[in-house]
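So the chains spell out like this:
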Amino acid sequence: MRVGVLALQGDVAEHRATLDALGVEAVDVRRPADLDSLAGLIMPGGESTAIAHLLGTSGLRSVLGERLETGLPVFGTCAGMILLASEVVDGRADQWCYSRLDIAVRRNGYGRQVASFETTLEVSGLGTVPGVFIRAPRVLSWGPHVEVLASHDHGDGPVPVLVRQGSAWASAFHPELTGDTRVHGLFVSSLTDR
Amino acid sequence: MSPETSSTGSQLVKRGLADMLRGGVIMDVVNPEQAKIAEDAGAVAVMALERVPSDIRRDGGVARMSDPQMIQQIQAAVTIPVMAKARIGHFAEAQILEALGVDYVDESEVLTPADEENHIDKWAFTVPFVCGATNLGEALRRIAEGACLIRSKGEAGTGNVVEAVRHLRTINAQMRRLQSADASELYALAKDLGSPLALVQEVAETGHLPVPLFCAGGISTPADASLVLQLGAEAVFVGSGIFKSEDPVRMAHAIVETTTHYRDPAVVAKVSTGLGAAMRGAETSTLEQRLAERGW
């Protein structure tokens with residue numbers, strides 16, 4: 001099974017290492033042809049504005065949009081979550097997103113880097129996993145078809161941090177930074193070869 | 001989980017932001033307009049400073065931390081991370097930058113050093129630090145002091161990439177030497193490098209620094225960026241090279257494209273075509289002040 005990692009900018013290497021540890025073939029995606037014959041795609045952490053810009057200049061933006069609409073399974077972490085959302089608050093004036101997940105997110109919703117944090121999360125079906133949040137997006141609202149797999153209470157009530165809507169998954173945190181492969185394992189186990 | 005069980009400022013969180021910047025371009029900017037140009041061009045972060053290194057070099061005098069008002073204006077202008085520079089050893093400047101909420105502090109040889117013995121104790125801070133290095137020993141000393149990101153020093157403000165290449169090649173060669181060494185040789189090698197044994201043993205085991213390695217100093221063209229990325233840099237800082245070029249907007253876009261597609265010379269050729277003049281640059285052997293010699 002081949003899983004792509006969008007390799008325009010960000011922590012691509014950590015996602016590749018996590019997929020390697022799960023015994024899954026990881027493929028860098030930098031141009032439209034790289035999207036062929038993938039069982040799924042990971043959209044890594046990084047700067048969402050830079051990745052969005054590079055999606056445009058690489059010719060991937062519309063092709064990837066079509067693949068996502070026709071059901072390419074996808075897992076976005078942090079910046080990836082922002083790109084998969086339906087609405088982005090506090091982004092750039094021209095911020096766009098793929099609307100693959102019925103969620104609204106606030107960029108840097110927990111604050112600047114000095115407010116970045118790590119904690120532990122309870123994930124449905126997995127138990128306790130480490131959660132590393134770096135200038136993370138905060139989910140503001142979510143639709144009825146969005147399944148919440150983990151939430152975090154930052155002092156003002158629980159907020160979803162790992163969500164799924166059909167074959168689209170997203171986390172506000174970075175499972176790829178911790179060496180714990182279980183969250184990626186959940187995504188990978190939902191994939192079928194194509 | 002309640003906030004009491006959350007922690008800020010851990011090494012994972014501090015190094016993690018450096019991980020997120022990989023494959024990106026961090027651009028020096030001196031005002032909100034330049035910061036917007038950088039963000040529009042796809043920069044992953046901006047370095048807010050009052051004068052780019054080539055102007056600091058030209059003007060002389062003591063170069064200090066930037067005016068907080070100028071940093072705050074840049075923070076308000078963009079959504080990407082904002083970095084700022086503190087003088088080597090000037091922990092009070094770093095405290096101010098942390099209080100302003102900058103996302104990374106660069107303890108930088110581009111500014112006039114404030115302490116000729118000690119660098120800042122970076123473990124004492126929640127904000128992460130990037131530090132320059134000319135060789136592996138220097139890189140590991142900075143990491144021992146708590147730096148979460150290492151960059152080559154290069155020779156800032158010259159538009160000449162030769163020193164950055166020297167630093168990257170030196171760091172890589174010294175890491176390869178550690179990897180080929182017998183475990184019993186690492187004690188003497190640690191002494192020669194002037195670095196903590198534990199970090200020397202870690203590099204011998206993994207073959208890379210415990211934190212990301214970026215390149216800074218003299219990058220002025222897409223080809224320069226491609227060169228240093230192929231030499232193992234994971235991202236690039238571009239100082240004077242963008243806003244001292246003939247067409248900063250195009251240069252910024254071209255270096256961003258290159259940093260993603262540096263393995264593909266056809267892309268680098270395309271973005272390099274018709275770019276206009278790069279910054280003029282300087283031959284480093286005739287410089288009166290070599291910034292890379294600041295810090296130790």
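It should be noted that the structure appears before, not after, this text.
Definitions and cut-offs
Residues numbered from 1 in each chain as written. Chains lettered and ligands numbered in written order. Predicted model: local features only at pLDDT ≥ 70, side-chain atom pairs only at ≥ 80, totals over all residues. Heavy atoms only, no water. Helix = DSSP H or I, 4+ residues; strand = E, 2+ residues; numbered from the N terminus. Rg over C-alpha atoms; globule rule 2.2 N^0.38 Å. Buried < 20%, exposed > 50% of the residue type's maximum accessible area, 1.4 Å probe, protein only. Contact = heavy atoms within 4.5 Å. Right-handed = clockwise from strand over helix to strand, strands pointing away. Pairing = 2+ DSSP bridges. Axes fitted to C-alpha atoms, helices over the stretch in contact; angles between N-to-C directions. Parallel < 35°, antiparallel > 145°, perpendicular 65-115°, else oblique. Left-handed = near helix turned anticlockwise from the far one by under 90°. Nonpolar A, V, L, I, M, F, W, Y, C, P; charged D, E, K, R; others polar. Buried area = accessible area lost by both parts, 1.4 Å probe. Salt bridge = Lys/Arg side-chain N within 4 Å of Asp/Glu carboxyl O. Polar contact = N/O pair within 3.5 Å; in protein donor to acceptor, adjacent residues only side chain to side chain. Phe/Tyr/Trp six-rings, centres within 6.5 Å; stacked < 30°, edge-to-face > 60°. Lys NZ or Arg CZ within 6 Å of the ring centre and 35° of its normal.

Examining the overall build of chain B
Okay, so step 1: In terms of helices and strands, chain B carries 13 helices and 9 strands.
Okay, so step 2: For a compact globule of 296 residues, the expected C-alpha radius of gyration is about 19 Å, and chain B comes in at 18 Å, within 12% of that figure.
Okay, so step 3: Across its three principal axes, chain B shows a C-alpha extent of roughly 55 × 45 × 45 Å.
Okay, so step 4: Counting only residues that meet the buried cut, chain B has 60% of its 296 residues in that class.
Okay, so step 5: Across chain B, the fraction of contacts at a sequence separation of at least 24, relative to all contacts at a separation of at least 6, is 66%.

Re the pairing of strand 3 (residues 45-48) of chain B
Residue and element names in this part refer to chain B.
Okay, so step 1: Covered by surrounding structure in strand 3 are Ala45 and Met47 together with Val46 and Ala48, the residues of both alternating faces.
Okay, so step 2: For the handedness criterion, the β-α-β arrangement of strand 2 (residues 25-29), helix 2 (residues 32-40) and strand 3 is classed as right-handed.
Okay, so step 3: Judged from the 3 bridges that link them, strand 3 and strand 4 (residues 82-87) form a sheet pairing that is parallel. The residue of strand 4 that forms the bridge with alanine 48 is alanine 84.

Notes on the packing of helix 6 (residues 136-144) of chain B against helix 9 (residues 197-206) of chain B
Residues and elements named next belong to chain B.
Okay, so step 1: Where helix 6 contacts helix 9, the two axes come as close as 10 Å, and the packing angle between them is 120 degrees. Judged on the interaxial angle alone, helix 9 and helix 6 are oblique. Judged by the sense of rotation from one axis to the other, the crossing of helix 6 with helix 9 is right-handed. Residues Leu140, Ile143 and Ala144 of helix 6 pack against Leu199, Val200 and Val203 of helix 9.
Okay, so step 2: The residue inventory of the contact of helix 6 with helix 9, partitioned by class, reads 6 nonpolar, no polar and no charged.

Some remarks on the sheet that holds strand 3 (residues 40-43) of chain A
All names here are of chain A.
Okay, so step 1: The 7 strands lie next to each other as 2-1-3-4-12-11-10, forming an open sheet whose pairing is mixed. Taken across any chain shown, the strands that pair with only one partner, and hence form the sheet edges, are strand 2 (25-29) and strand 10 (147-153). Here the strands of the sheet are splayed against their neighbours by 20 degrees on average, with no regard to which way each runs.
Okay, so step 2: When strand 4 (residues 74-77) meets strand 12 (residues 168-171), the two strands line up parallel, connected through 4 bridges. Its bridge partner lying in strand 12, phenylalanine 75 is registered against tryptophan 169.

Considering the pairing of strand 7 (residues 149-152) of chain B
Residue and element names in this part refer to chain B.
Okay, so step 1: Of the two faces of strand 7, the one holding Leu149 and Arg151 and the one holding Ile150 and Ser152 are both buried throughout.
Okay, so step 2: Two strands pair when backbone bridges link them, and strand 6 (residues 129-133) and strand 7 are joined in this way by 4 bridges, in the parallel orientation. Residue glycine 132 lies in a different strand from strand 7, and its bridge partner there is arginine 151.
Okay, so step 3: Handedness of the crossover joining strand 6 and strand 7 through helix 6 is recorded here as right-handed.

Things to note about the interface of chain A and chain B
Okay, so step 1: The interface is formed by 44 residues belonging to chain A together with 45 residues belonging to chain B.
Okay, so step 2: Taken over both partners, the interface formed by chain A and chain B buries close to 3,400 Å², and the fraction arising from carbon and sulfur atoms is 53%.
Okay, so step 3: Of all residues in chain A, Gln113(A), Val114(A) and Glu118(A) give up the largest surface area on contact with chain B, accounting jointly for 18% of the area buried on that side.
Okay, so step 4: Counting every contact that joins chain A to chain B gives 6 salt bridges.
Okay, so step 5: Arg22(B) is the partner of Glu14(A) in a salt bridge, and the nearest nitrogen-oxygen pair spans 2.6 Å.
Okay, so step 6: Linking chain A with chain B are 20 residue pairs in polar contact (both at pLDDT 80 or more).
Okay, so step 7: The set of elements that each furnish at least two residues to the side of chain A that touches chain B consists of helix 1 (12-21), helix 2 (48-57), strand 7 (117-123) and strand 10 of chain A.
Okay, so step 8: Within the side of chain A that touches chain B, the residues separate by chemical class into 11 nonpolar, 19 polar and 14 charged.

Some thoughts on the side chain of His184(A)
All names here are of chain A.
Okay, so step 1: As for its placement among the helices and strands, histidine 184 is situated in helix 5 (residues 182-189).
Okay, so step 2: A polar atom in the side chain of histidine 184 sits 2.9 Å from the side chain of histidine 15.
Okay, so step 3: Sequence-distant contacts of histidine 184, that is, excluding residues within four places in its chain, are made with His15, Thr18, Leu22, Ile42, Phe75, Pro175 and Glu176.

Observations regarding the packing of helix 10 (residues 222-230) of chain B against helix 12 (residues 248-261) of chain B
All names here are of chain B.
Okay, so step 1: It is the contact of helix 10 with helix 12, at a shortest axis distance of 9 Å, that shows an interaxial angle of 25 degrees. Viewed along their axes, helix 10 and helix 12 adopt a mutual orientation that is roughly parallel. Two packed elements cross with a definite hand, and for helix 10 against helix 12 that hand is right-handed. Along the contact surface, helix 10 presents Pro222, Ala225, Ser226 and Leu229, while helix 12 presents Met251, Ala254, Ile255, Thr258 and Thr259.
Okay, so step 2: Counted by class, the contact of helix 10 with helix 12 contains 6 nonpolar, 3 polar and no charged residues.

Quick look at unusual backbone geometry
Residue and element names in this part refer to chain A.
Okay, so step 1: In this structure, aspartate 90 takes a positive phi of about 65 degrees despite not being glycine.
Okay, so step 2: Structurally, the position occupied by aspartate 90 is in the loop between strand 5 (87-89) and strand 6 (103-106).
Okay, so step 3: The phi torsion at asparagine 108 lies on the positive side, around 50 degrees, for a residue other than glycine.
Okay, so step 4: Taking the relative accessible area as the measure of exposure, asparagine 108 reaches 23% and is therefore partly exposed.

Side note on the packing of aromatic side chains
Okay, so step 1: Within this structure, the stated rule accounts for 9 aromatic pairs over all chains.
Okay, so step 2: A ring pair is formed by Phe125(B) and Phe129(B), whose centres lie 5.1 Å apart and whose planes are at 70 degrees; its orientation type is edge-to-face.
Okay, so step 3: Given the relative accessible area of 7%, Phe125(B) is considered buried.
Okay, so step 4: By the ring-pair criterion, three or more aromatic residues cluster together here, those being Tyr110(A), Phe117(A), Phe133(A) and Phe173(A).
Okay, so step 5: Lying across the ring of Trp96(A), Arg61(A) places its NZ or CZ 3.8 Å from the centre.

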